[in-house]
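Okay, here's what each chain looks like letter by letter:
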Amino acid sequence: MNSVVVSGSLRNRLVLTLIGGAAVLALILFVVVRNYAVLVAQQGQDRILIASATSMLDSATIRDGAVELDLPYSAFSMLSTAADDRVFYAILQDGTLLSGYEELTFSDAQAFQFDRIRGSDVRKISASRILIGANLRTEIQIVLAQTQDALSETLDQISRNAALLGVGFFALAVGLSFWATSATIGQLGKLTTSVTRRGPQDLSPFTKPVPREMAPLVKSLNSLMGRLDQSLRQSEDFIAEAAHRVRTPLATVRSYAEATLQRVDKEENREAMRSMVKAIDESSRAAGQLLDHAMITFRADHLERDEIDIVDLARDLVQRMTPIAEMRDLSLLLLGDPRVQYSCDPVLIQNAVRNLIDNAMKYGPAESAIEITVTGEPVPRITVCDHGPGFPIHEIETLTARFQRGANAANTIGSGLGLTIARDVAIAHGGRIDLTNQPEGGACVTLSL
Amino acid sequence: MRYLVALGLIFLCHAGWAQEWEDRQVFNDTGATTSLRIISSTDTDLFAPLIEAFVARHPDVAIEYLVTGTADIDRRFRAAPEAFDIAISSAMDLQLKLTNDGYALALENVSHPAWAEWRQSLFAFTSEPAAIVINRAAFEGLPIPRSRQELIEALRARPDVFRGRVGTYDVRQSGLGYLFATQDARASETFWRLMEVMGGLDVRLYCCSGEMIDDLTEGKIAVAYNVLGSYADARVESQSILEIVLPSDFPTTMMRTAFVSGASGEPEAAERFIQFLIAFQSNRADGTQTLPPLQERDNGADRASIALEPALITFLDTLKRNKFISEWENALIQN
Ligand SMILES: Nc1ncnc2c1ncn2[C@@H]1O[C@H](COP(=O)(O)OP(=O)(O)O)[C@@H](O)[C@H]1O
C-alpha cells in the first residue's frame, strides 16, 4: 500500500536533458566561433597578400622594349608579422621566371591556394597584369606565398578563447538547469507536503495557487477528494436514515410486545415475549448509537465550539441519569474541580460522557458507585470509573474500534459503538481517550481534551 | 699507391680550400670533444676576445673561425650549408634571406627582443652605424662636414684635392656595402647626388672596410663613405689621424647577425654559442667587448636602424638588384 513503483527520476531526466543540450550548444558555439575566426583571419592574410602583389605589379613598366619591375620596399614590408612569417615570391613574364623563387608555381584552378615550400606550409596567391608597349604585349604574373605562423598563433588564441567561452556557457547552463529543475520539482514537493500535512478527515479541495502545468493534477485530485467526501457523507447519511427508519417501527413493535406480555399468562409464552422485548431493545439501542455515531462524525467535521463549564455539563447529565442508575441501585458521584471552563461542542461532550456512564452502569456491579471526575489541570479531563471487573486486559487496545466488543460483553446489550463515539469526540477536540483498569478493580475511561 | 693519391688529392683540396679564406683561426683545439665551424665577415681580432671567453667557459668546444666577405658567405653557405655550424655577417639582407630560405635553425632557448631577432633563428648582437671617415689632414683649417649634404659641398669646393682620394664600397662585391647603399637610396635622394659627385672625382672602390681604413690612415684617400665606424674605432694607431662622422641628416645603423645552420651537426653547442654571444654583447659593464653592443630600443620605430623584416629581401631581387647596380654604375663610374 505504501510502496509506489518508481521508474526513473523526473529531476534526473530534466537535469540530464538540459545539461546534454547545453553541452551540444557549447560545442556548436565553439565550432562556429572558431570556424568564423579561421575565415576572418585567412581573409585578412589573403587581402594583405593581394595588396602586396598589386603594389609589385604597379611598379612594372616597359622601357626600351623590355619589362622593368622596380619592387617597392613596402610590398614586402607590409608582409611582416609578429611571428616573422617567411615570404616567397616569383615574378614571371608570360610564364617564364624573371626573378624570385623558381619552385613557386601556381596553377590557375583557384585564386588562393595552400602549398608546401622549403619545409613550410604556405598560403599563396597570384596576380597578373597585361603590359602594352609600343610593339610589345606581355603579361606579368606575381606569385606570392607566406607561411601561416602568425595566423596559427592568432587562431590558437581565438580557439582558446572560444573554448573558454564554450566552457563558461556550459557551466552557466549547468547551474541554470540545476536551479530550474529544483524550482520546478519544488512545486511538486510543496503540493506533496500540503497533501501529507492534512488531517485524516480533511477532504476539502486545495485552494492554494499552483503553476498552470500542475493545475490538471490538482484539479483531478480535488475532484477525487470531492467524490470521496460525497460518498462518505452519503453512506453516513444512509446509515443515519436507516437507523432512524428502523427505530420508529421498533418502538411500535416494542409497545405491542409489552402490551401482549401483560395479557399472556402462559409462562413459556411470557418468556418468549420477554426475549422479544430484549431483542427489540438491543436493536433500537444499536440504531440509536448508529444515529449518534453518524451525528458525531458530522459534527466533528464541522466543530462548533462554545465556551462552557464542563462540570456543569457533567452535573446536568448525572442528574438526568440518576433515576436510571437508582433502578439498579447504583449511585453516581460527581468529583473533581468545582468549575472547568472549556471551549467545546457541548452536544458531543455530553454524548461521549453519557456513553461512558452507560458502559459503567452496564458492566459495573449493582449496589456500587460510579465516580465521574472532572479536572481542569493540566488539561480538561473527564474520568468515569466503576467497580466492576474492568476491561478484558488483552483486548484493551482494540475496544475503541468500531463495532468492537469485549469478551465480557456477551450477556450485555450493546453495539460496540459506545467507546468509538467517545474516542471520536476526544479526537475531534484535539484530545485522546485512555482505557485503564484500577488496581483495586474496576474500569476507568479518561477523556483528555 | 691509390691510397696515397687519394690522400694527396684531399690534401690539395684542403690546401686550396684554406687559401680562399681571408683569415682562418682555430681556438681551443686541444682537449675539445666537439668543434664548431663559424663562417663570419667580422675580422678575427674583433671577434677573438669573445671566442676566447666562450672556450674558457666551455672547454669541450673547439672553434674554427673562418673570415670572408659578406657576399662570399652567402655564396659558400648556400653551396654547402652542412659545412658550417654558425654564420655571422653584417649583411642583414643576405642573412635574412638565408633564414627566409630555410637555412637557419630555430633556437627555442634563446630569449631576445622581437625587433632583434627573426623567426627565433636570426639574432642581432651589435648596433653599428655607417660612418663618413675622414683623414683630418685633408681638412686642415676647414670645418669637418657633418652630413651628406655638407660632404657634397666640401667635395665640390675642392675637386683637385679630392680627385682620386675618395673611397666607398664596391656594392657589386660587398654585401654590406650593397645593404648600406640600398638603405641610403631608400632614405634620401641625397645619396644619388653624393654618388654622382664621388663618381666625378674618380672614386676608389673597396671590397672591405679594412682596406679602406688602411688607405685612409696612410693618406691614400681623404674621405671614405659608409664605412663601419667600429672598424675605424678599433684601430688605435688611426685614432689621431681619422675623424669618424655619423651623418646627422640620417644615420644608417646596421645590426650584425648570427644564425645556426639548419644542417649543423652540433646544434646544441651552436645554440650555447649563440646564447653566450648575446649575453656577452649585452653585458655592458664588462669592458672586454671589442664589438659595439646592441643598442637598446624601446620599440621598433627607430628609423635609423635597418629593421629585421622580410622587406630586406626586396633589394636582393634579381631585377631590382640589376636596376640598382646599373644606376649605381651610371652615377659612380662616369668614364
Ligand atoms: N466499564 C466497563 N467495564 C468493563 N468492560 C467494559 C466497560 N466499558 C466497555 N467495556 C468493554 O468494551 C467493549 C466496548 O464497549 P462499547 O464500545 O461501549 O460497546 P458495548 O455496546 O458493547 O458496550 C464492551 O463490549 C466491553 O467489553
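Given the structure is predicted, the values throughout are model-derived calculations rather than measurements.

Asks: Can you tell me about the confidence of the model for chain B, naming the residues and giving the values?
Replies: Residue and element names in this part refer to chain B. The share of residues in chain B with pLDDT of 70 or more is 89%, and the mean pLDDT across the chain is 87. Scored below 50 in pLDDT, residues 4-16 makes zero contacts in the model with residues more than four places away or belonging to other chains. Prediction confidence for the complex, expressed as pTM and ipTM, is 0.68 and 0.86 respectively.

Asks: With reference to specific residues and values, describe the environment of Asp64 of chain A.
Replies: Residues and elements named next belong to chain A. Examined against the element boundaries, Asp64 turns out to sit in the loop between strand E1 (60-63) and strand E2 (66-69). Taking relative accessible area as the criterion, Asp64 reaches 79% and is therefore assigned exposed. Considering only alpha carbons, one finds Asp64 and Gly133, 69 residues apart in sequence, at a separation of 9.0 Å.

Asks: Tell me what's going on with the interface of chain B and chain A, and back it up with residues and numbers.
Replies: Every contact between the two is made by 23 residues of chain B and, on the other side, 25 residues of chain A. Between chain B and chain A, roughly 2100 Å² of surface is buried when both sides are summed, and carbon and sulfur atoms account for 50% of that area. Applying the counting criterion to the chain B and chain A interface returns three salt bridges. The residue Arg119 of chain B makes a salt bridge to Asp149 of chain A at a minimum N-O spacing of 3.0 Å. At the boundary of chain B and chain A, one finds 15 residue pairs in polar contact (both at pLDDT 80 or more). No other element matches the four residues that helix H12 (residues 318-332) of chain B contributes to the side of chain B that touches chain A.

Asks: Go over the packing of aromatic side chains, please, and point to the residues and values.
Replies: All names here are of chain B. If you walk through the whole model with that rule in mind, you get 18 aromatic pairs over all chains. Centroid distance Phe54 to Phe276: 5.4 Å. Interplanar angle 65°. Geometry classified as edge-to-face. Separated by 222 residues along the polypeptide, Phe54 in helix H2 (residues 44-57) and Phe276 in helix H11 (residues 267-282) bring together distant segments of the chain. Taking the centre distance of 5.5 Å and the plane angle of 40° together, the rings of Phe139 and Phe162 count as tilted. Of the two residues, Phe139 sits in the loop between strand E7 (128-135) and helix H5 (148-157) while Phe162 sits in helix H6 (residues 159-162), which places them 23 residues apart along the sequence.

Asks: Got a sec to walk through the packing of helix H5 (residues 267-301) of chain A against helix H8 (residues 418-428) of chain A? Specific residues and values, please.
Replies: Residues and elements named next belong to chain A. It is the contact of H5 with H8, at a shortest axis distance of 10 Å, that shows an interaxial angle of 10°. In terms of orientation, H5 and H8 fall into the roughly parallel class. Contact with H5, carried on its side by Gln289, Asp292, His293, Ile296 and Ala300, involves Gly418, Thr420, Ile421, Asp424, Val425 and Ala428 of H8 and no other residues of that element. Residue composition of the contact of H5 with H8, grouped by class: five nonpolar, four polar and two charged.

Asks: Break down the site of the ligand for me, with residues and values.
Replies: Residue and element names in this part refer to chain A. In the region of the ligand, 20 residues are neighbours, and Asn359, Asp386, Arg405, Asn408 and Ser415 sit closest. Between Asp386 and the ligand, the recorded distance is 2.7 Å, taken from a side-chain N or O atom to a nitrogen atom. Gly416 is positioned such that a nitrogen or oxygen atom in its backbone is 3.1 Å from an oxygen atom of the ligand. Only helix H7 (346-363) and H8 provide two or more residues apiece to the shell around the ligand. Tallying contributions element by element places H7 first for the shell around the ligand, with four residues. A class-by-class count of the residues in the shell around the ligand yields eight nonpolar, nine polar and three charged.

Asks: Just give me the short version of the sheet that holds strand E12 (residues 381-385) of chain A, but keep the residues and values in it.
Replies: All names here are of chain A. Strand order in the open sheet formed by five strands is E9-E11-E12-E14-E13, and the pairing between neighbours is mixed. Two strands close off the open sheet at either side, each with one partner strand: strand E9 (331-336) and strand E13 (432-437). Within this sheet the neighbouring strands show an average axis-to-axis angle of 15°, counted without direction. Examined bridge by bridge, E9 and strand E11 (residues 369-375) share six bridges and lie parallel to one another. When the sheet's bridge partners are listed, Ser331 is paired in E11 with Ala369. In this fold H7 packs onto E9, E11, E12 and strand E14 (443-448), with an angle of close to 20° to the strand it touches most, E12. Along the sheet, H8 makes contact with E13 and E14, crossing E13 at roughly 135°.

Quick notes on the rules
Residues numbered from 1 in each chain as written. Chains lettered and ligands numbered in written order. Predicted model: local features only at pLDDT ≥ 70, side-chain atom pairs only at ≥ 80, totals over all residues. Heavy atoms only, no water. pLDDT = per-residue confidence, 0-100. Contact = heavy atoms within 4.5 Å. Helix = DSSP H or I, 4+ residues; strand = E, 2+ residues; numbered from the N terminus. Buried < 20%, exposed > 50% of the residue type's maximum accessible area, 1.4 Å probe, protein only. Buried area = accessible area lost by both parts, 1.4 Å probe. Salt bridge = Lys/Arg side-chain N within 4 Å of Asp/Glu carboxyl O. Polar contact = N/O pair within 3.5 Å; in protein donor to acceptor, adjacent residues only side chain to side chain. Phe/Tyr/Trp six-rings, centres within 6.5 Å; stacked < 30°, edge-to-face > 60°. Axes fitted to C-alpha atoms, helices over the stretch in contact; angles between N-to-C directions. Parallel < 35°, antiparallel > 145°, perpendicular 65-115°, else oblique. Nonpolar A, V, L, I, M, F, W, Y, C, P; charged D, E, K, R; others polar. Near = heavy atom within 4 Å. Pairing = 2+ DSSP bridges.

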